[in-house]
Structure formats: structure tokens, C-alpha cells
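Summary of structural features
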Amino acid sequence: MAITTVVPPARNTLFTFVRGAMTGGVIGTSLTALVVGGVIRSVPLFVTGLGVPAVYALLVFLAGVPRRAREAAIAPRTALAMTEGVEAVKGEATSDVAVRFVATVAPDEEPAYRVAFTQHVHLADLPDYRVGGVVVVQYPPSSPWRVRIVKRPTPEWEERAAGGPHRPRAGADPYQRGR
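Figured I'd write up the structure that's included with this text. (Residues numbered from 1 in each chain as written. Predicted model: local features only at pLDDT ≥ 70, side-chain atom pairs only at ≥ 80, totals over all residues. Heavy atoms only, no water.)

1. A short note on the nonpolar core
Ranked by size, the top nonpolar core spans 17 residues in total, and within it F101, V105, F117, V137, V147 and I149 carry the most contacts. Every element with two or more residues in this core is listed here: strand 2 (77-90), strand 3 (96-106), strand 4 (112-122) and strand 5 (134-139). Beyond its immediate chain neighbours, meaning those up to four positions away, I149 contacts F101, F117, Q119, Y129, V135, V136 and V137. Membership of the second largest hydrophobic core comes to six residues, among which are L80, V134, V150 and W157. (Core = buried A, V, L, I, M, F, W, Y, C linked by side-chain atoms within 4.5 Å. Buried < 20%, exposed > 50% of the residue type's maximum accessible area, 1.4 Å probe, protein only. Helix = DSSP H or I, 4+ residues; strand = E, 2+ residues; numbered from the N terminus. Contact = heavy atoms within 4.5 Å.)

Written as C-alpha cells, this is what we have:
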């Protein structure tokens, strides 16, 4: 069985460096303006210290709109995944618990790969996600490591998950594609 481990790409670009420097500059400038404005009792300087981070956050949000629109326009891929690890990460007083999954995703016509991800799961639904169980997942084609479990899959995918990788069809191995 060939399993490929997917690791998110490291983005060390000039743009990332400039964005980090700008963010640090905005934080330092705004904190300085707040402190100095408070010490010398200058209302315009104090307000500037509050306004600069808000304007910068708005600009960063607006700069990311085209990327988010491009990602939303691409339909996510659906696949079966076998859970290999299920661990509650944080248990809060709410009904949803953060759960860390380790799963092997077996997309159609592509090699299977292992991925770890965290998703919030309702406490009542937690017994449905056992180690060795098969779930239906979706992920963007450009970032296969951003896997999310589909809570209400279509009837076709429910049938496929019921007879998933732990019960292969006669002579078929879902992890060996194209052979």
C-alpha cells in the first residue's frame, strides 16, 4: 500500500517578509501612540493609536478577498477516509469538542495519503468517529491537507462509506489506483 504524507508548503516569500514587517511596524507604532498619547494627554495621538491597527486590519482583509473568492469558486473534492487516530484536544464547557484526527484519505483516481487535522465535533456525535472507521471528507483540490469531515454526506457517499476500505469489493483494493 503506497501512502503519501502531505505537508503544507512553507511560504517564505518576499511578500510574507514584507507583510510580517508591516504588521510588526503597525503594532509597535500603535502601542507607542497609545502610551505616548496617554502620558502627554494628547487625544489625537491616542485615537491614532487605536485607529491605525483597525485600518491595517481592514486593508489586510480587503487584500485577501480575491484569494478567498478564487478558493470559494473551486468545488471541493470528496473522498473516503479511514480514521487511524482520534484524540480530544480540548474539552470545554460547550457541547462541541476539538478533536484531532489522523486519517488516510483515499481519493478516487489518486494515491492515498495520510493527514492530521483538527475539527470540532458535537459530544453526541463523538462515538461515530472510531479508530478504523470510514468517514466521508472534503478538501480543496489545491490544498489536500485542509480536510474536513462531511457531517451529512449524500446517500451515494453514505453507501460508499458503509462498504469503505475496511470492506473492499472482491478483487479491489481502494488504495491501489490505476493497477
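2. A word on the environment of A33
With respect to the helices, strands and loops of the structure, A33 is situated in helix 1 (residues 14-39). The sequence separation of A33 and F46 amounts to 13 residues, and the corresponding C-alpha distance is 5.8 Å. Sequence-distant contacts of A33, defined by excluding residues within four places in its chain, comprise L45, F46 and G49.

3. Things to note about the side chain of Q119
Note that Q119 resides in strand 4. One polar contact links the side chain of Q119 to the main-chain amide nitrogen of I149, over a distance of 2.8 Å. The residues touching Q119, leaving out its near neighbours within four places in the chain, are V97, A98, V99, F101, R148, I149 and K151. (Polar contact = N/O pair within 3.5 Å; in protein donor to acceptor, adjacent residues only side chain to side chain.)

4. Notes on the packing of aromatic side chains
A full pass over the atoms with the stated rule returns three aromatic pairs. Aromatic side chains F101 and F117 sit 5.4 Å apart centroid to centroid with 25 degrees between the ring planes, which places their arrangement in the stacked category. A residue pair is termed long-range when its members are at least 10 positions apart, and F101 in strand 3 and F117 in strand 4 qualify at 16 residues. Side by side, F101 and F117 carry an identical accessibility label, which is buried. (Phe/Tyr/Trp six-rings, centres within 6.5 Å; stacked < 30°, edge-to-face > 60°.)

5. Looking at the pattern of salt bridges
Overall, the coordinates contain five salt bridges when judged by the stated rule. One salt bridge in this structure joins D108 and R160, with 2.7 Å as the shortest N-O distance. In this pair, D108 sits in the loop between strand 3 and strand 4 while R160 sits in helix 3 (residues 155-162), placing the two residues 52 residues apart along the sequence. Linked by salt bridges that have partners in common, R67, E71 and R146 make up one network. (Salt bridge = Lys/Arg side-chain N within 4 Å of Asp/Glu carboxyl O.)

6. Thoughts on the environment of Q138
Turning to its location among the elements, Q138 is positioned in strand 5. Q138 sits in the partly exposed class, given a relative accessible area of 32%. When near neighbours in sequence (up to four residues on either side) are disregarded, Q138 contacts P76, R77, T78, R146, V147, R148 and V150. In terms of polar contacts, Q138 uses its side chain to reach the side chain of T78, at 3.3 Å.

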